[in-house]
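Read off the chains here:
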Amino acid sequence: MTTENKPQEGQERIGVYVCHCGSNIAGMVDVEHVAKWAGEELKDRGVVVARDYKFMCSSLGQELIENDIKELGLTRVLVAACSPHLHEQTFRTASARAGLNPYLTELVSIREQVSWVHTDKQAATAKSKAVISGGVERVIHHEPLEPLVVPIHEATLVVGGGIAGIQAALELADAGYPVYMVEREPSIGGHMAQFDKTFPTLDCAACILTPRMVSVGMHPNIKLFTWSEVTKVDGYVGNFTVTIRKKARYVNEELCTGCGICQEKCPKKVIDEIYEAGLGYRKAVYTPFPQAVPKFPVIDRPNCTYFQKGTCKACEKFCPTNAIDFTQEDEYITVEVGNIILATGYDLFDARRVTQYGYGRLANVFTSIEFERLSNAAGPTNGEIVLRDGVTKPDAVGIIHCVGSRDRNFNNYCSVICCMQGLKFAHLVHERTGATVYNFYIDMRTAYKAYDEFYQRVLEEGTLFVRGKVAEVTDAARLPGEEGKLIIQVEDTLAGIQRRIPVDMVILSAGLEPRRDAKEVAKLFGISCSADGWFIEKHPKLDPVATMTEGIFIAGCVQGPKDIPSSVAQGAAASARVLGRIRQGHIELEPVRASVDEAKCSGCRICNNLCPFNAIIFHEDRMVTEINPALCQGCGTCVAACPAGAISGTVFSNEQIFAQIDGLLGLTLEHAFS
C-alpha cells in the first residue's frame, strides 16, 4: 500500500516505510492501516510517501526506499521495523546508495517494542502509530554527518597465552603483522598444558599444544611477554598505548640457556599449587613444566631462601652462564597497537564451596584438574591413577558432573565441558585401573562433532550412569560393605529410588568460572561483564568476538565456557576481524558521539569518572572537560550527568529527544485508535 503527498514549502520530504516482517509484526499490528494512516495524518509534518512491504530489509524492500529517494527527492527516511541494533546499518546503507546522507535515516522498532510485547492488536496498532509519529518528529531534526576516519596501527596486543590467545597470535603473525603477547604466568600454554588427553579424539594435549607454543616462542613477528601483566591502556581503536609490567624473573634472559642446573641445585621445595594443582612439588626457582615457552626459569621470591633470609644463592653459584640476577627489578614497557584481543581464560570452580561433597575434608575426593595431573604421564604420579596415599589403585570410582554449574546456589549456567570431561575421565580410569566407574549426571550434553559417539563408546566400556543430582559424599558407613569407603548418596531419577553407592575415589567435574579479576580487567580495557562475570560481546549471535568498545576483541573462555575447538575457532575469528582492519588501513567510526561546549563547562568534573569507555579528559590548565570522539561510544551517560547542560550527544540531542517525545505524546487516544 502506498500513500503519496505534496509537502508544504520549506518542509523536509519524508518517506515512511512500515515492515510486515513476515508475521512478526503483521501478526499483531495492522501494518497496512498504519502505513495509510502515516501518509494521511502526518503529511503536514512533511511525509510525502508511506509504504508497507512484507520484508523491508530484503533487496526489493531496500530498492523501494532507494527509488523513492531518487524519484521523489526524499530528504529524510523513517523505517518502522525491527530493532535499530539489527538493521539500522542496512537502511542507512540503502539511503547512502541513493545519494542521501545515511544519518538522515531513522529506524524505529515496532517489532521488539510493540508486536512482541503486546497481545491486543488494536493497542499494538495504536502504539505503532505513536512510535512512528515520534520517529517522524525526530528525523526532522537529524543532521547530515560524516563518519570519523581513524588510521589503524598494524601491531596487535594479545592478552592471555592459552590456546585461544596462541591461535589468534599465530594467525596474525603468519599474515606478516607484529604481535605482542602478554601472559601473567612464566609460560604460555594455559590450562590445556595441564591436561593429559583431549576429548573426543583422545589426542595427547601436550602433543598438539607444544608445537604451537614453540611456534609462538620462535616466531619473528611475535614479541612474547611472560610473567607480565597489562597495567594501563590509553588511546582508542587503531591507536592504543599499552603499558606492560614485566615482573622480575631474577634471571637474565639474554644469558640463560634453560639448562635447568639452577632448578636441580636449588634446595628449597614448595607445593606447586598452579601447574600440579597442589599434588606435586617444584623448586623455588622453576619453569612450570618441561615444555615451557619460554624456557627461562623464574625465581619464586616469597619462597626463595635468599629473599627470606639473605643466605643460600645456590642457583647463582652453580649457574654456568651467570644468568641469575637477584638485583633485577620490575620493568615497565610501553607498546603501540591498533587492536587488542583478550583471551585471558577462566578459573576452575572452587569445589570446597560445595561442602556436602567433602572436597578438602575427605582425602580421596579429587577435583577435575587434580585428576588431569594424576592421569598425565608427566604428572606427579607418572600417569598412575592412585589414591592420596600415592600407592593404592581404586576399585570403584564415582565421577560427579555439574559441580558448581547448573546450580542456583552457585552458577546457573552450563559449563559446556563437564559432561565430556567426565566421560573422558571414565575412559581413562577404565583404561588404566580396570575399576568400576559410576558417572552421576543431571543431563548428558554431548552436542558437538563426534561427542555423542564418544559417549556411546564409554557406555560400551561398561561405565555405569546414574541420572540424578548427588546429594552428599560421606565417609560415614551405615551398611555392610561401606567401611573405609566414600559413599555417594544420590536419587536415581530413572529408577525412582534413593541409592548409596560406595566407591574408593570421587572425581568432581568442576565447572568454569570467570577469572577472579575479570571485572578489574574489563574496566582496564573499557569493556563490560555480564551478571555472571563473563566479558560481554557486541552481539551474542552476529558478533561474538567484538565488544562494544571498538578495537577490543574477545576470544575463548573470556566470553563464556567453551571447549578447545570452540576456543581455537574464536581465536582465529578474532584475528580475522583484526586482519581486516589492518589491511584496510583505517576504520570509519560512527559519528554518534558526545561533545562539550567549553563555554558552558564549569569544570565540576562530575562526568569525568562516569564514562565506561574512559573517553573523558580534563584539562587542568583550562578547567574544562574534553571528550575523545574516537573513544566515545555515544552511550549518553555524561550527557545525562552534566548539571550545566554543557554536553550534547550527536543524533541524541535534546532537540531530537524532545521532538520524539512530543511526537509520541502528541496523539490523542481517540486519534490514535481511529
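Remember, it's a predicted structure, so these values are computed and weren't measured experimentally.

Colleague: Whenever I open this one, the sheet that holds strand E13 (residues 239–246) confuses me. Can you help?
Modeller: Two pairing modes exist for strands in a sheet, parallel and antiparallel, and in both the strands are linked by backbone hydrogen bonds. Taken together, the three strands give an open sheet; going across it, the order is E12-E13-E18, and neighbouring strands pair in antiparallel fashion. Both outer strands of the open sheet, strand E12 (228–236) and strand E18 (331–337), are each paired with one neighbouring strand and no more. Taken pair by pair, the neighbouring strands of this sheet meet at an average axis angle of 20 degrees, ignoring direction. Where E13 lies against E18, seven bridges are found, and the strand directions are antiparallel. Bridged to Lys 246 within E18 is Glu 331.

Colleague: Help me understand the packing of helix H4 (residues 121–140) against helix H16 (residues 654–665) in this model?
Modeller: To characterise two packed helices, one gives the angle between the axes of the helices and the distance between these axes. Close contact between H4 and H16 brings their axes to 7 Å; oriented N to C, the two are set at 145 degrees. Viewed along their axes, H4 and H16 form a crossing whose handedness is right-handed. Contacts between H4 and H16 involve Ala 130, Val 131, Ser 133, Gly 134, Gly 135, Glu 137 and Arg 138 from the former and Gln 656, Ile 657, Ala 659, Gln 660, Gly 663 and Leu 664 from the latter. Of the residues that constitute the contact of H4 with H16, the class distribution is five nonpolar, six polar and two charged.

Colleague: What exactly am I supposed to notice about the pattern of salt bridges here?
Modeller: Working definition: two side chains of opposite charge can pair if their charged atoms are close together. With the rule as written, the count across this model stands at 37 salt bridges. One salt bridge connects Glu 431 with Arg 432, and the closest N-O pair in it is separated by 3.6 Å. For the salt bridge of Asp 504 with Lys 485, the shortest nitrogen-to-oxygen distance reads 2.8 Å. Placement of Asp 504 in the loop between strand E27 (497–503) and strand E28 (505–510) and of Lys 485 in the loop between strand E25 (470–474) and strand E26 (486–492) is noted, with a sequence separation of 19 residues between them. Lys 485 sits in the partly exposed class, given a relative accessible area of 23%. Through salt bridges with shared partners, a single network forms among Glu 88, Arg 92 and Glu 590.

Colleague: Just to check I follow, could you spell out H16 for this structure?
Modeller: Along an α-helix, residues three or four apart share an orientation, since each turn contains 3.6 residues. The end-to-end C-alpha separation of H16 is 16 Å, in line with the 16 Å expected for twelve residues at 1.5 Å each. By the burial criterion, the buried members of H16 are Gln 656, Ala 659, Gln 660 and Gly 663. Along the long axis of H16, the arc covered by the buried residues comes to 100 degrees, so they all point the same way. In H16, the exposed positions that point more than 90 degrees away from the buried face belong to Asn 654, Phe 658, Asp 662 and Leu 665. Residues of H16 that are buried make contact with strand E5 (105–109) and H4.

Colleague: I keep staring at the sheet that holds strand E11 (residues 222–225) and nothing clicks. Help me out?
Modeller: In space, the five strands of this open sheet follow the order E11-E8-E7-E19-E30, with parallel pairing throughout. Only two strands of the sheet have a single partner each, and these edge strands are E11 and strand E30 (552–554). Across the sheet, the mean angle from the axis of one strand to that of its neighbour is 20 degrees, orientation sign disregarded. Across three bridges, the pairing between strand E19 (residues 339–342) and E30 is parallel. Directly across from Leu 342, in E30, lies its bridge partner Ile 554.

Criteria and cut-off values
- Residues numbered from 1 in each chain as written.
- Predicted model: local features only at pLDDT ≥ 70, side-chain atom pairs only at ≥ 80, totals over all residues.
- Heavy atoms only, no water.
- Pairing = 2+ DSSP bridges.
- Helix = DSSP H or I, 4+ residues; strand = E, 2+ residues; numbered from the N terminus.
- Axes fitted to C-alpha atoms, helices over the stretch in contact; angles between N-to-C directions.
- Left-handed = near helix turned anticlockwise from the far one by under 90°.
- Contact = heavy atoms within 4.5 Å.
- Nonpolar A, V, L, I, M, F, W, Y, C, P; charged D, E, K, R; others polar.
- Salt bridge = Lys/Arg side-chain N within 4 Å of Asp/Glu carboxyl O.
- Buried < 20%, exposed > 50% of the residue type's maximum accessible area, 1.4 Å probe, protein only.
- Expected span 1.5 Å × (residues − 1).
- Arc of directions from axis to C-beta.

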